[in-house]
Structures are given as C-alpha cells and as structure tokens.
Amino acid sequence: MISRKDDRPSAPLDPQTELVTSGRDTIAQKGFINPPIVRGSTVLYPTAEDLHAHRGEFQYGRHGTPTTKALQQALMALEGPNCAGVGIAPSGVAAISTALLAILKAGDHLLVIDSAYRPTRNFCDTLLKRYGIETTYFDPLIGAGIEKLFKSNTRAVLVEAPGSQSFEMPDIPAIAAVAHAKGALVVDDNTWATPLYHRSLDQGVDISIQAGTKYIGGHSDIMFGTISANTKTWPLITEAIRLLGVCAGPDDVFLALRGLRTLAVRLAHHQQAGLDMARWFAARPEVLRVIHPALETDPGHAIWKRDFTGATGLFSIVLKPASKQAVDAFLDTVTLFGMGYSWGGFESLVIPFDCSSYRTATTWNPGGPTLRFHIGLENLDDLKSDLARGFDAFNAAAK
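Note that the coordinates shown come from a computational prediction; the quantities given were computed from them, not determined experimentally. (Residues numbered from 1 in each chain as written. Predicted model: local features only at pLDDT ≥ 70, side-chain atom pairs only at ≥ 80, totals over all residues. Heavy atoms only, no water.)

K.L.:
Help me understand the environment of Leu71 in this model?
P.N.:
For Leu71, the location among the structural elements is in helix H3 (residues 66-79). Sequence separation between Leu71 and Arg258 is 187 residues; the distance between their C-alpha atoms is 9.1 Å. When residues no more than four places from it in sequence are discounted, the contact partners of Leu71 are Ile88, Phe224, Val253, Ala256, Leu257 and Leu260. (Helix = DSSP H or I, 4+ residues; strand = E, 2+ residues; numbered from the N terminus. Contact = heavy atoms within 4.5 Å.)

K.L.:
I'm lost on the pairing of strand E7 (residues 225-229) in this one. Help?
P.N.:
The side chains of a regular strand alternate between the sheet's two faces. The element E7 is extensively covered by neighbouring structure, given that 5 of its 5 residues are classed as buried. Side chains Gly225, Ile227 and Ala229 project from E7 onto one buried face, and the interleaved Thr226 and Ser228 project onto a second face that is buried too. Where strand E1 (residues 85-89) lies against E7, 5 bridges are found, and the strand directions are antiparallel. In the sheet register, Val86 faces E7, and the bridge partner there is Ser228. As paired strands, strand E6 (residues 207-210) and E7 are joined by 4 bridges and run antiparallel to one another. Across the sheet, residue Ile207 finds its bridge partner in E7, namely Ala229. (Buried < 20%, exposed > 50% of the residue type's maximum accessible area, 1.4 Å probe, protein only. Pairing = 2+ DSSP bridges.)

K.L.:
Even after reading the chapter, I still don't get the packing of helix H4 (residues 92-103) against helix H5 (residues 118-130), so can you show me in this structure?
P.N.:
Two numbers describe how H4 lies on H5: the axes approach to 10 Å, and their chain directions differ by 45 degrees. If you check the angle between H4 and H5, you find them oblique. Two packed elements cross with a definite hand, and for H4 against H5 that hand is right-handed. Residue-level contacts link Val93, Ile96, Ser97, Leu100 and Leu101 of H4 to Pro119, Thr120, Phe123, Cys124 and Leu128 of H5. Class assignment of the residues belonging to the contact of H4 with H5 gives a composition of 8 nonpolar, 2 polar and no charged. (Axes fitted to C-alpha atoms, helices over the stretch in contact; angles between N-to-C directions. Parallel < 35°, antiparallel > 145°, perpendicular 65-115°, else oblique. Left-handed = near helix turned anticlockwise from the far one by under 90°. Nonpolar A, V, L, I, M, F, W, Y, C, P; charged D, E, K, R; others polar.)

Following this line, the structure appears as structure tokens:
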C-alpha cells in the first residue's frame, strides 16, 4: 500500500490507479485508509511570531483543511500534468460563476456556447450583464469559425462538451487555438465526461469545471463543484475563491473523495449501459433518433472519438411527433426511471426538455418531443422491460 506521496512510483500511473491512491497519506492518517472529516473554522498558531506571519499549512477552515487537501491532490492527479491546482466550490453553478468572475471584468466580452447548461446562461444574462460584461452565444459546431465573433475586448470563451441536453460536440482544440491567438482564455464545463474520459486541460482549455454533484459524488447525495486550472489561470482562481469566500462543507468534501475512489468502475458501467440502451432506443419504432456522441451514427462521433477516451450514461432521444399527453403517459408509467433533475448517481432518470425557448445562436427543432435519460446501475433487462411498458402507454395515449 502506498503510504506517502514520496513513496509513490516514479513512473506515471494509470488514471484508474491515481483515483485510488492519490491524496492518501496513511502515516499522517494514523494508518487509516481514508482521511478524517475535519470540521473546523479556527486554526491555532503555536507562537505570536507564527500568527503574525500566518505561518502554517492551514490558516483558517474556509481556506482549506486536511480533508480538502486530500481531495485536491486526488483531483489534480486525475486532471493530469497541465493542472496547476483545483479549487473546490459548494456546487457546479458556484464553480462556473466563480471561474467567470475570476477572469472577467466590467467592459469585457464573453463568448458562450449556445448549448451551455441553462443556469450558466442565466448567470451570464443577469449578473454578468449587470456588471457590464457582454455575452455572445455561438453555434456549438462553429469550430475555428468562431474567429469572426471575437471583438477587441473578448476575454474568454466558455464551451461545454457535449452540449447540455442536446449533446452537440464542439471542436475544443480548434476553438482554443483561435482563442489563444486572440489572447482569450478558454473555460470548459467537463461534467459529462469528467477528466477520466476527457482531459480538457490537455487540449488547450485553461479552466476546466465539473459539477461534482454528478459523477464524482456518484450517489445523488452531495452538492459540489470543482475548478481546475492551468499555471496561467490558477492564481486568478485562488484569488477569486478567497475573496468570494467560496468553500464546500466538510461532509460533502469527504463524500466527494469517497466517490472519486470508485469513479472508474462506475463510469465503465455507465458507459456500457448507456450505449446498450442508446442502441435499444434506436431500434424502437417510437424513436426518431438518438443523440449520443459515442454512437457511430451521431454527427459528433468523430470529434468524440478523437478527443475523448470514454462516454458516460447521459444522452437524449427524439421521439416521433406525439402529443404531450402521450409523452406524459410514458413518463407516468415507467417506475425504474425517476423524474428529477441532476444525474450521475446510481439511479436511472428521465426528464422531458425543450431548448427552443432559450437558444439564440441556433434553432432547436429536433422533429419531435425530446427526453434526456441517465442510465444508472440497474439491470439492463429490467430497465428495458420498464421502458417497453412506458412505450405501450405512450402508444395507447397517442391513438
């Protein structure tokens, strides 16, 4: 067993091994495998000189504890060699807002992918607007063509791959190349793939964000966010975190660290189950198309295959034209698919969605009602039987 960081093998470890071993110091932890949950605000200094110099590994609970340090070390190992540090936030939205506030100022211009998580859009269209920051949304498939949208004051580009709900695959390396040539930073919402399947910092991204509420936690019982940054942007992130007082609760930090240890095992199942279910949906007569970038038939498959090492359990389907009554009959009949927001836990979920009301750079017209599924850890035959009952109800209501 690896007991200290100094005892770790000199050769690079596989990410799956890093997930299990990073952020652990069993000597400091008195032999226990997991670090303790440190709940605290005040940190005492042994001498007046230490107090005046703010000398000590930990200075105040809001700035970090042994528990948060263990998680940050593990996340840095997962993010890869281009990660200079990982900030911890109390939610994914807090991670996004903190990162944007860290790099933007009044008078700046921000480019945001049109398929971004809707709370991201809400933040840009309200708070950032009030602070004098202009946002322009762009087509997820624009690639290097994003150059034409840059202004002299464009400070950053925010991407999300794949797109929230609609799963378009942007060409992040092409967008990053243009952004850096223009002197702008690139922020990526990497929640869907996690750094296990997509190391976006290795592809030109400056700041990579995750809603750790999802796959890092893995059990639908925490609110948590991460902000991973390269050497250029890490000082900006640390300053913003300190000035804004951003921190996560100790129990959520501990649960995130616990969830991280099994991330590789869980994502492998989510990937296999998600693809199996996506192909099952594609064969159903009620389904117009399946939107899943890891499917060979998906328009974004080539980019996914080039830039990602895996897929997860979240994707969408487009039903053939049907009434709301028919869709609701489907939703009310299935019992193994809960109806609820968020995803990434052990349970399967489904929600209806419609992007048409808030897309501004593109038109959302999929051709039928749309449903987003998260495939959990249940038996696939049970899930398929449940869905088949749902489609029976759908067809009966459609008559």
